[in-house]
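As a plain string of letters, each chain reads:
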Amino acid sequence: MTLEEGIQKALDGDSILFVGSGFSLDAINIRNSPLKSTKQLKKHFSKLSGISEDTSLEDAAEVYLDKFGIDALIEEIKNEYTVISVSKYHDDIARIPWKRVYTTNYDNVIEKSFGNVMKRITPVTINQNISSIPKHPTLCIHLNGYVETLNRNNILTELKLTESSYITTSIIDSSWAAYFRHDIRLARSIFFIGYSGYDLDIKRILAYSDTIKQKTF
């Protein structure tokens, strides 16, 4: 399949969008700053906690949590990943009638851009009951947690950030994994934007066949 054919299938409403952290470049948060990458976030928590900047993100977040408490951790994540503006390309991508959107991002860039172009989208996380979620309008499935729904009850189980959250949160073990596989199988084309493929859970779910490779961009 050519790129042009894949784009046409997306315009026809038969495609899946999957976005990673690179997709959120140029978005601006409520601190009036660009969103931090994973590397920048771990340095941020390390500096605030007074530890080495070479510390892993999960360890840096654990130390920050121990020193400043759960409310401070929630506040930092919300301030860093709640966006107030996005770029034109975000809005252009939101205009495409995606069958479903998946993201490893905490931020609300997708939701903001859909709102900008006067379209509704429903954000969900993998801890939610799949059978209770209306399938219309378009769903944006946040595989690693979502900034807007973050609270004391779910930050350590839903947001992939601290060591304990990585242990307790597994996409593979959720009903959303089967839902994701089903979407990938039926989609006429699949677009990954700003995603490096580092997440082992996602790699296991995809298990690329030749058929999937041919329709993936």
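Residues numbered from 1 in each chain as written. Predicted model: local features only at pLDDT ≥ 70, side-chain atom pairs only at ≥ 80, totals over all residues. Heavy atoms only, no water.

### As for a nonpolar patch on the surface
Selection rule: Like charges are joined within 9 Å and nonpolar side chains (Val, Leu, Ile, Met, Phe, Trp, Tyr) within 5 Å, but only among residues with over 30% relative accessible area and no salt bridge; these make up the patches. We get accessible surface area from the Shrake-Rupley algorithm with a probe of 1.4 Å; when it comes to residues, only the shown protein chains can shield them. By convention in these notes, a salt bridge is any Lys or Arg side-chain nitrogen within 4 Å of a carboxyl oxygen on Asp or Glu. To qualify as a helix, a DSSP run of H or I must reach at least 4 residues; to qualify as a strand, a run of E must reach at least 2; elements of each kind are numbered from the N terminus. The classification of residues rests on relative accessible area computed with a 1.4 Å probe and restricted to protein chains. Under 20% of the type maximum is buried, over 50% is exposed, and intermediate values are partly exposed.
On the surface, Leu3, Ile7 and Leu11 cluster together to form a nonpolar patch covering roughly 250 Å² of accessible area. Residue placement: leucine 3 occurs in helix H1 (residues 3-11). You can call leucine 3 partly exposed: its relative accessible area is 42%.

### A closer look at the side chain of threonine 216
What counts, and what does not: For the purposes of these results, a polar contact is taken to be a pair of N or O atoms within 3.5 Å, where, inside protein, one atom must be able to donate a hydrogen and its partner to accept one; residues adjacent in sequence count only when each atom of the pair is a side-chain atom.
The residue threonine 216 is located in the segment after helix H10 (210-214) in this model. One polar contact links the side chain of threonine 216 to the main-chain carbonyl oxygen of isoleucine 212, over a distance of 2.6 Å.

### Remarks on the pattern of salt bridges
Per the stated rule, a full pass over the model turns up eight salt bridges. Note that arginine 152 and aspartate 71 form a salt bridge whose closest N and O atoms lie 2.5 Å from each other. A residue pair is termed long-range when its members are at least 10 positions apart, and arginine 152 in the loop between strand S6 (138-142) and helix H7 (163-168) and aspartate 71 in helix H4 (residues 70-81) qualify at 81 residues. A relative accessible area of 55% places arginine 152 in the exposed class.

### Thoughts on the sheet that holds strand S7 (residues 189-193)
The criterion, for reference: At least two bridges found by DSSP between two strands is the condition for calling them paired. Lines fitted to C-alpha atoms define the axes, with helix axes restricted to the stretch in contact, and inter-axis angles between N-to-C directions lie between 0 and 180 degrees. Note on definitions: a residue-residue contact is assigned when non-hydrogen atoms from the two residues lie within 4.5 Å.
The strand order across the open sheet built from five strands is S5-S6-S4-S1-S7, with neighbouring strands paired in parallel fashion. Bordering the open sheet on either side are strand S5 (121-125) and S7, each of which pairs with just one other strand. Between one strand and the next, the sheet's axes are offset by a mean angle of 20°, whatever the strand orientation. Bridge count for strand S4 (residues 100-103) against S6 is three bridges, and the pairing is parallel. Its bridge partner lying in S6, valine 101 is registered against cysteine 140. Packing of helix H6 (residues 109-116) onto the sheet brings it into contact with strand S1 (15-19), S4, S5 and S6, and relative to S5 it is tilted by some 170°.

### Comments concerning the environment of glutamate 75
Tracing the sequence through the fold places glutamate 75 in helix H4. Take glutamate 75: its relative accessible area is 45%, and that puts it in the partly exposed class.

### Quick notes on the packing of aromatic side chains
Which entries qualify depends on this criterion: Between the rings of Phe, Tyr and Trp (Trp by its six-membered ring), a pair exists once the centres lie within 6.5 Å; its type follows the angle of the planes, with under 30 degrees stacked, over 60 edge-to-face, and the other angles tilted.
Using the criterion set out here, one finds eleven aromatic pairs in the structure. Ring plane angle 85° and centroid distance 5.5 Å describe the contact between tyrosine 81 and tyrosine 106, whose orientation is recorded as edge-to-face. Separated by 25 residues along the polypeptide, tyrosine 81 in helix H4 and tyrosine 106 in the loop between S4 and H6 bring together distant segments of the chain. Neither tyrosine 81 nor tyrosine 106 differs from the other in exposure class; each is buried. A connected cluster of aromatic rings, assembled from ring pairs, spans Phe18, Tyr102, Phe180, Phe192 and Tyr195.

### Concerning unusual backbone geometry
Phi at aspartate 26 is positive, roughly 80°, even though this residue is not glycine. Locating aspartate 26 in the fold gives a position in the loop between S1 and strand S2 (28-29). Backbone geometry places methionine 118, a non-glycine residue, at a positive phi of 65°. With respect to the helices and strands, methionine 118 occurs in the loop between H6 and S5.

### Things to note about the packing of helix H2 (residues 38-49) against H4
Short version of the rule: Should an angle lie under 35 degrees it is considered roughly parallel, over 145 roughly antiparallel, and from 65 to 115 roughly perpendicular; all remaining angles are considered oblique. Rotating anticlockwise by less than a right angle from the far helix to the near helix defines a left-handed crossing, while the corresponding clockwise rotation defines a right-handed one. For this scheme, ten residues count as nonpolar: Ala, Val, Leu, Ile, Met, Phe, Trp, Tyr, Cys and Pro. Four count as charged, namely Asp, Glu, Lys and Arg, and the remainder, Gly too, count as polar.
Two elements in contact, H2 and H4, have axes separated by 13 Å at closest approach and are oriented at 140°. With respect to H4, the axis of H2 lies oblique. By crossing handedness, the relation of H2 to H4 is classed as right-handed. In this structure, H2 uses Leu41, His44, Phe45 and Leu48 to contact H4, whose residues at the interface are Leu73, Glu76, Ile77, Glu80 and Tyr81. Per-class residue counts for the contact of H2 with H4 are six nonpolar, one polar and two charged.

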